Each structure stands twice: as C-alpha cells, then as structure tokens.
Amino acid sequence: NGNYAPAPTDDFFSARWSEAEYPIQWSLENRDFVTGASLGLDLNVRRAWSRTYGEGVTIAVADCGIELDHQELASRTTDGPHFCFVDGIAEGNPAGTTEFWAHGTAVAGLAAADRNHARMVGVAPEAKLASWRIYSIDPVNQRAQFATDEQLMDLFQHEIQTVGVQNHSWSGDVLTLTGP
C-alpha cells in the first residue's frame, strides 16, 4: 500500500514481549502483525515514513548527554552542534557512566536511531542529532550539576538556524510544576 512504508528489519519492531502481549515497540506501531488490525494508540510511524524519515532535520536532545559513538546513533551524531551548557564547551557525551547518564542516549535512540541497524529504529531515523548537555559533574562534590536558569535560557536560543526540533525530557532536582 502506498500509504505505508515497509516495516524496518530491526529485531524489535515486529517482536512481541510474548505471544499474548503487545509489540515491544508498540509506541511506533501497535498493530497485529498478521491481520494489521489496530491494537491501540501508536505514533503510526509507517504512515509518516511513507513521506519522510526525517532527512534534513536536526533534533536537539537537551538532557544529560548522548553517547555520540553509539552504534545505533553514530551516523546521526556526526558533525552535530553538540554543546554542554553547564561547562560552556562543545561537548555532547555524558559526563558519567551510571544509569542516570544513559537517559539522553535512550531518548536519542527513540528519536533517531538508524533504521539500518538490527536493534531498534527511531521515529525519524534519518534526522541528525545534537546533544545539548544540561548536566555536568561538580568537581567539588562529584555529583550531577544542573544548568542554571541563564544557561537554560541560552539553550533555547542556541543553533536556532540549524535545529528544527528540541526534545526536553529532563527535570531539575528542586523544580516542581503543578498543573491541571
């Protein structure tokens, strides 16, 4: 059908947690792979992929850094406008190696993991990635240090001629927003 791009060949796109459960990457396509019937909400990416895979778009992931040489992301991060706003340097790799520092890499994978690898595919697998690090390691106490309000203000103006989409899935230690 011309309205849907072919399914990617990665291991998880059409895999299920078990025979009775939903697909592992259900957020991208939540369909029965035999009948094509909808199993619930999804992003309907194969419909979008029939028009674009994100080529020509740069997505900035404002977070704790992206593992720039990760096998699923390296082709997306090459020559990106990476920057650490806390330290004021052109650096996009995570500052640490614990689970906390892996969040930005996971987010980047959901956004733009290369569709030509075996493990997963991102929503926009031909988009470029920019790692905008808003955490660093405080040299005195060796704990995560969050960007200041002024550094965050700079982030929203940074590379606006290059970056078409910004992803923000972070939180500060003491900031709490209450909403409806």
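As the structure is a prediction and not an experimental result, all values here were calculated from the model. Each chain has its residues counted from 1, following the order in which its sequence is written. For a predicted model such as this one, the threshold for reporting local features is a pLDDT of at least 70, and the threshold for listing and counting side-chain atom pairs is 80 or more; totals across whole chains, interfaces and linings nevertheless cover every residue. Hydrogen atoms and water are omitted, and side-chain values are computed over all heavy atoms in the structure.

(A) Structural context of the overall build of the protein chain. Counting its regular elements, the protein chain contains four helices and six strands. The helix and strand sequence of the protein chain, counted from the amino end, reads α-β-α-β-α-β-β-β-α-β. Three labels apply to residues, based on accessible area from a 1.4 Å probe with only protein chains included: buried if under 20% of the type maximum, exposed if over 50%, partly exposed otherwise in between. Here the protein chain holds 180 residues, and the buried ones make up 37% of them. In what follows, a contact means two residues having at least one pair of non-hydrogen atoms within 4.5 Å. Of all intrachain contacts in the protein chain linking residues separated by at least 6 positions in sequence, the fraction that spans at least 24 positions is 66%. Exposure was quantified through the Shrake-Rupley algorithm and a 1.4 Å probe, taking into account, for residues, occlusion by the shown protein chains and nothing else. On the protein chain, roughly 10,400 Å² of surface is accessible, and the fraction owed to carbon and sulfur atoms is 53%. Elements are defined by DSSP. Helices are runs of H or I of four residues or more, strands are runs of E of two residues or more, and each kind is numbered from the N terminus.

(B) Local environment of the environment of Val45. By secondary structure assignment, the location of Val45 is in helix 1 (residues 45–49). According to the relative accessible area criterion, Val45 is buried, its value standing at 2%. Along the chain, Val45 and Val123 lie 78 residues apart, while their C-alpha atoms are 6.6 Å from each other. Among all residues touching Val45, those that are not within four sequence positions of it are Phe13, Leu28 and Val123.

(C) Highlighting the packing of aromatic side chains. Put simply, two rings from Phe, Tyr or Trp (the six-membered ring, in Trp's case) pair if the centres are within 6.5 Å, and we call them stacked under 30 degrees between planes, edge-to-face over 60, tilted for the rest. Tallied over the full model, the rule gives seven aromatic pairs. The interplanar angle of 90° and the centroid separation of 5.2 Å between the aromatic rings of Phe100 and Tyr135 together place this pair among those described as edge-to-face. Of this pair, Phe100 sits in the loop between strand 2 (83–84) and helix 3 (103–112) while Tyr135 is found in strand 4 (residues 135–137), placing the two residues 35 residues apart along the sequence. For Tyr135, a relative accessible area of 6% gives the class buried. Relative to Trp170, the ring of Phe146 lies with its centre 5.2 Å away and its plane at 50°, an arrangement referred to as tilted. Of this pair, Phe146 sits in strand 5 (residues 144–146) while Trp170 is found in the segment after strand 6 (165–168), placing the two residues 24 residues apart along the sequence. An aromatic cluster of at least three residues, connected via ring pairs, comprises Phe100, Trp101, Tyr135, Phe146 and Trp170. Geometrically, a lysine NZ or arginine CZ counts as sitting over a ring once it is within 6 Å of the ring centre and also within 35 degrees of the ring normal. Of note, Arg115 hangs over the ring of Tyr53, and the distance from its end group to the ring centre comes to 3.6 Å.

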